[in-house]
Amino acid sequence: SAFIAWNGVLNSACLFVLAIFAVTGFYGYLALGNDVKDTATLNLPDTFFYQTIKLMFVACIMISYPLQFYVPMERVEKWITRKMPPHQQTKLIYGVRWGGVLLTCAIAEMIPHLALFISLIGAFSGASMALLFPPFIELLVSNAKGELTKFVVVKNCILLMFGLLGFTTGTYAALSEIAKTFAQ
């Protein structure tokens, strides 16, 4: 419970990583403007000092990746412990962990212009998770509890329309940018 509490290891580590990335992104864009590459670290010169900075970013990602992988692996581990015999569970859990890490690294390495696909995934799943699912779930839960009022319906319909607008425009913008890049 201390791991996923509001001030636990997961939230604290993610907040720390977010702060580092935000500061780097802000000052990188401030210094480079529209000439910035997919990540600001790609604009750094190949000197020892800047190579050290790049290594610090690699270390930051290596430390935070297992923490971010915690939630999906917790779901998978629960499924494995319910469905598999006890003598196979540990090997299978470690196998799935290694497989998940290797799969995500392989995908990141194989996809050209990864930043464009990250934008697409963010627009598609981010809008769904943040803007579409919550009002839809509230409508379902309120209906099941018998607490569905006109205000709840109107509020959630407005949120759903806003969410659909964000989902559609964000996904369209990401797909058109991908199409434009691969057409060249």
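Residues numbered from 1 in each chain as written. Predicted model: local features only at pLDDT ≥ 70, side-chain atom pairs only at ≥ 80, totals over all residues. Heavy atoms only, no water.

## Describing the packing of aromatic side chains
For the coordinates displayed, the defined rule picks out six aromatic pairs. Residues Phe26 and Tyr27 carry aromatic rings whose centres are separated by 5.0 Å and whose planes lie at 80° to one another, so their mutual orientation is edge-to-face. By relative accessible area, Phe26 is classed as exposed at 51%. The interplanar angle of 20° and the centroid separation of 5.6 Å between the aromatic rings of Tyr65 and Phe69 together place this pair among those described as stacked. (Phe/Tyr/Trp six-rings, centres within 6.5 Å; stacked < 30°, edge-to-face > 60°. Buried < 20%, exposed > 50% of the residue type's maximum accessible area, 1.4 Å probe, protein only.)

## Quick look at the packing of helix H3 (residues 70–83) against helix H4 (residues 86–110)
As a packed pair, H3 and H4 sit with axes 10 Å apart at the nearest point and diverge in direction by 150°. Classed by the angle they form, the pair H3 and H4 counts as roughly antiparallel. For the pair H3 and H4, the sense of crossing is right-handed. On H4, the residues touching Met73, Val76, Glu77, Ile80 and Thr81 of H3 are Gln89, Leu92, Ile93, Val96 and Arg97. (Axes fitted to C-alpha atoms, helices over the stretch in contact; angles between N-to-C directions. Helix = DSSP H or I, 4+ residues; strand = E, 2+ residues; numbered from the N terminus. Parallel < 35°, antiparallel > 145°, perpendicular 65-115°, else oblique. Left-handed = near helix turned anticlockwise from the far one by under 90°. Contact = heavy atoms within 4.5 Å.)

## Observations regarding the confidence of the model for the chain
A residue-level look at the chain finds 96% of positions with pLDDT of 70 or above and a mean pLDDT of 87. At the level of individual helices and strands, the chain shows its lowest average pLDDT in helix H1 (residues 9–32), which scores 84, and its highest in helix H6 (residues 150–183), which scores 92. (pLDDT = per-residue confidence, 0-100.)

## Some details on a nonpolar patch on the surface
Taken together, Val23, Phe26, Tyr27 and Leu30 make up a surface patch of nonpolar side chains, about 450 Å² in accessible area. Tracing the backbone shows Val23 in helix H1. (Patch = residues over 30% accessible without salt bridge, like charges linked within 9 Å, V, L, I, M, F, W, Y side chains within 5 Å. Areas by Shrake-Rupley, 256 points an atom, 1.4 Å probe, with all protein chains shown as cover. Salt bridge = Lys/Arg side-chain N within 4 Å of Asp/Glu carboxyl O.)

## Things to note about helix H5 (residues 114–145)
Taking 1.5 Å of rise per residue, 32 residues should cover 46 Å, and H5 covers 44 Å from first to last C-alpha, within 8% of that figure. For H5, the principal kink sits at Ser128 and spans about 40°. Along H5, the residues that are buried comprise Leu116, Leu120, Ala123, Ala127, Ser128, Leu132, Pro135, Leu139 and Ser142. Each element contacted by the buried residues of H5 is listed here: H6. Downstream of H5 by a residue or two, Gly146 has a phi angle that is positive, lying close to 80°. (Expected span 1.5 Å × (residues − 1). Bend = angle between axes of the 7 residues up to and from the residue.)

## Digging into the environment of Ile111
Relative to the assigned elements, Ile111 resides in the loop between H4 and H5. Spatially, the C-alpha atom of Ile111 lies 20 Å from that of Trp98, the residues being 13 residues apart in sequence.

## Some words on the nonpolar core
Judged by nonpolar contacts, Ala127, Leu132, Leu139, Val152, Leu160 and Phe167 together constitute the single largest core of six residues. Those elements that provide at least two residues to this core are H5 and H6. Contact partners of Leu139, with chain neighbours within four places excluded, come to Leu148, Val152, Val153, Asn156 and Leu160. (Core = buried A, V, L, I, M, F, W, Y, C linked by side-chain atoms within 4.5 Å.)

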